[in-house]
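Examining the three-dimensional arrangement
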Amino acid sequence: DLMVLGELRALAKIHGALQPRRVHRHDKRLYAAAASLFGSWQAAVQAAGLDYDAARLLQRRTGTSVAHDLRAWIRNRDREDCGPPWCGRARRRYRR
């Protein structure tokens, strides 16, 4: 347990993020051991004393912030720099 937690802390210190997909891709044994020992990847990251959302580079969004971004996108959908990071991808995918 302590070895896995130490590895997670070291990775977070070096890379700054512990995105599950990236860790699984580059170190399957560490990912599997962490998830197995602690029940889930999230529980392992938290047991290492790390903030799960910060470790994943995840921003929790509220319904209000999503609605605000969608309204901005609708207003500016013909512009190249319309705001939310996913806006350009959405505009390219759903071109009129």
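First, a word on scope: everything that follows refers to the structure included in this document. Remember, predicted model here, so these are calculated numbers, not experimental data.

**A short note on a positive patch on the surface**
- A contiguous patch of positive charge, built from Arg21, Arg22, Arg25 and Lys28, is present on the exposed surface.
- Looking at which element gives the most residues to the positive patch, the answer is helix H2 (residues 20-26), with 3 residues.
- By the secondary structure assignment, Arg22 is in helix H2.
- Taking the relative accessible area as the measure of exposure, Arg22 reaches 42% and is therefore partly exposed.

**Digging into the nonpolar core**
- Residues Leu8, Leu18, Leu30, Ala34, Trp41 and Val45 are the most contacted members of the largest nonpolar core, which totals 15 residues.
- Elements with a minimum of two residues in this core: helix H1 (2-15), helix H3 (28-38), helix H4 (41-47) and helix H5 (52-55).
- Among the elements that line this core, the one with the most residues is H1, at 5 residues.
- Other than its neighbours up to four places away in sequence, Ala34 contacts Val4, Leu8, Gly39, Ser40, Trp41 and Ala44.

**With respect to H1**
- Taking 1.5 Å per residue, 14 residues should reach 20 Å; H1 reaches 20 Å between its end C-alpha atoms and fits that length.
- When H1 is considered as a whole, its buried residues turn out to be Val4, Leu5, Leu8, Leu11 and Ala12. Projected down its long axis, H1 carries its buried residues within an arc of 125°, all on one side. Every exposed residue of H1 that faces more than 90 degrees away from the buried side is listed here: Leu2, Met3, Lys13 and Ile14.
- Residues of H1 that are buried in the fold lie against H3 and H4.
- Gly16 sits one or two residues past H1 and shows a positive phi near 80°.

**Quick look at the packing of H1 against H3**
- The geometry of H1 relative to H3 is characterised by a closest axis approach of 10 Å and an angle of 125° between their N-to-C directions. As the angle between them shows, H1 and H3 are arranged oblique. Read as a crossing pair, H1 and H3 show a hand that is left-handed. Residue-level contacts link Val4, Leu5, Glu7, Leu8 and Leu11 of H1 to Leu30, Ala33, Ala34, Leu37 and Phe38 of H3.
- The residue inventory of the contact of H1 with H3, partitioned by class, reads 9 nonpolar, no polar and 1 charged.

About the criteria used
Residues numbered from 1 in each chain as written. Predicted model: local features only at pLDDT ≥ 70, side-chain atom pairs only at ≥ 80, totals over all residues. Heavy atoms only, no water. Patch = residues over 30% accessible without salt bridge, like charges linked within 9 Å, V, L, I, M, F, W, Y side chains within 5 Å. Areas by Shrake-Rupley, 256 points an atom, 1.4 Å probe, with all protein chains shown as cover. Salt bridge = Lys/Arg side-chain N within 4 Å of Asp/Glu carboxyl O. Lys, Arg positive; Asp, Glu negative; His and termini not counted. Charge placed at Lys NZ, Arg CZ, Asp CG, Glu CD. Helix = DSSP H or I, 4+ residues; strand = E, 2+ residues; numbered from the N terminus. Buried < 20%, exposed > 50% of the residue type's maximum accessible area, 1.4 Å probe, protein only. Core = buried A, V, L, I, M, F, W, Y, C linked by side-chain atoms within 4.5 Å. Contact = heavy atoms within 4.5 Å. Expected span 1.5 Å × (residues − 1). Arc of directions from axis to C-beta. Axes fitted to C-alpha atoms, helices over the stretch in contact; angles between N-to-C directions. Parallel < 35°, antiparallel > 145°, perpendicular 65-115°, else oblique. Left-handed = near helix turned anticlockwise from the far one by under 90°. Nonpolar A, V, L, I, M, F, W, Y, C, P; charged D, E, K, R; others polar.

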